[in-house]
Amino acid sequence: MYIISACLCGVNCKYSGKNNYNEECLKLFKEGKSVLVCPEQLGGLTTPRNPAELTERADNIIKGNGKIITNTGEDVTKKFILGAEETLKIAKIIKANTAILKEGSPSCGRKQVYDGTFSGKKKTGQGITTYLLEKNGIEVISEEDIAQLFK
Ligand code: SF4
C-alpha cells in the first residue's frame with residue numbers, strides 16, 4: 001500500500017484551494033493501492049490557507065530548533081508537526097512501505113522546499129512529513145519519480 005498526497009489525486013486541499021493532479025497517482029488510487037492524506041489538513045489547517053515555508057531544516061524544526069511561518073508571520077509549526085505525526089500513524093495502520101508525496105511542499109517535499117523567504121526560490125531539503133516518514137523507515141518518492149515504481 002502507498003500513502004499519496006491527496007492533492008496529487010485531484011483533491012482541492014492545496015493552500016490555494018486547488019490541487020496538483022497527477023494521472024499516475026490517481027491510477028494507483030483507483031486500483032485500491034493507496035490511501036490519500038493531506039498532512040496540513042490533518043494538522044488542523046484550513047483550506048484555503050496562507051502559504052508557509054520552513055525557516056530551518058526539517059530535522060532541526062522537529063527538534064524545536066526552527067519554525068514554519070506563513071507569509072503573514074503566523075507560526076504554524078505545531079500544526080505541521082501534528083499533520084506529519086498523523087500521516088505517520090496512518091502509514092503504520094495500513095502498513096505502507098512507500099509514500100508518494102508532492103515535491104516542493106513544506107510538508108510533502110522530497111528533495112526541495114521553498115527557502116523561507118517567500119520569494120519563490122527553492123533549496124535542497126525535505127518537508128516535515130517526508131522527514132518523519134523516512135525517519136520511521138517509510139520510503140518517500142515524489143510524483144516526479146513515480147516512473148520508478150513501474151519499471
Ligand atoms: Fe498536497 Fe501535501 Fe500540501 Fe496537502 S500538504 S496540499 S497533500 S502537498
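Residues numbered from 1 in each chain as written. Predicted model: local features only at pLDDT ≥ 70, side-chain atom pairs only at ≥ 80, totals over all residues. Heavy atoms only, no water.

**A word on the pattern of salt bridges**
Side-chain pairs of opposite charge can arise where the charged atoms are in close proximity.
Then comes step 1: According to the stated counting rule, one finds eight salt bridges in the structure shown.
Then comes step 2: Lysine 27 is paired through a salt bridge with glutamate 31; the nearest N and O atoms lie 3.1 Å apart.
Then comes step 3: Accessibility expressed as a relative area gives 47% for lysine 27, which makes it partly exposed.
Then comes step 4: On the basis of relative accessibility, which here comes to 39%, the residue glutamate 31 falls in the partly exposed class.
Then comes step 5: Here lysine 89 makes a salt bridge to glutamate 86, at a shortest N to O gap of 2.9 Å. (Salt bridge = Lys/Arg side-chain N within 4 Å of Asp/Glu carboxyl O. Buried < 20%, exposed > 50% of the residue type's maximum accessible area, 1.4 Å probe, protein only.)

**Notes on the side chain of asparagine 22**
Then comes step 1: Mapping asparagine 22 onto the fold places it in the loop between strand E1 (2-5) and helix H1 (23-30).
Then comes step 2: According to the relative accessible area criterion, asparagine 22 is buried, its value standing at 14%.
Then comes step 3: The contact partners of asparagine 22, leaving out residues within four places of it in the chain, are Leu8, Glu143 and Ile146. (Helix = DSSP H or I, 4+ residues; strand = E, 2+ residues; numbered from the N terminus. Contact = heavy atoms within 4.5 Å.)

**Remarks on the sheet that holds strand E5 (residues 98-101)**
Then comes step 1: On the basis of which strands lie adjacent, the open sheet formed by four strands has the order E2-E1-E5-E8 and parallel pairing. Looking at which strands have only one partner, the edges of the open sheet turn out to be strand E2 (34-37) and strand E8 (139-142). In this sheet, neighbouring strand axes are inclined to one another by 25 degrees on average, regardless of whether the strands run parallel or antiparallel.
Then comes step 2: As judged from the three bridges shared by E1 and E5, these two strands associate in the parallel manner. If you follow isoleucine 3 over to E5, its bridge partner there is alanine 99. (Pairing = 2+ DSSP bridges. Axes fitted to C-alpha atoms, helices over the stretch in contact; angles between N-to-C directions.)

**Considering the pairing of E1**
Put simply, side chains in a regular strand alternate between the two faces of the sheet.
Then comes step 1: Alternating residues of E1 divide into Tyr2 and Ile4 and Ile3 and Ser5, and every residue in both groups is buried.
Then comes step 2: Pairing analysis gives four bridges linking E1 to E2, with the strands arranged parallel. Within the sheet, the bridge partner assigned to tyrosine 2 lies in E2 and is serine 34.
Then comes step 3: Note on the crossover from E1 through H1 to E2: the handedness is right-handed. (Right-handed = clockwise from strand over helix to strand, strands pointing away.)

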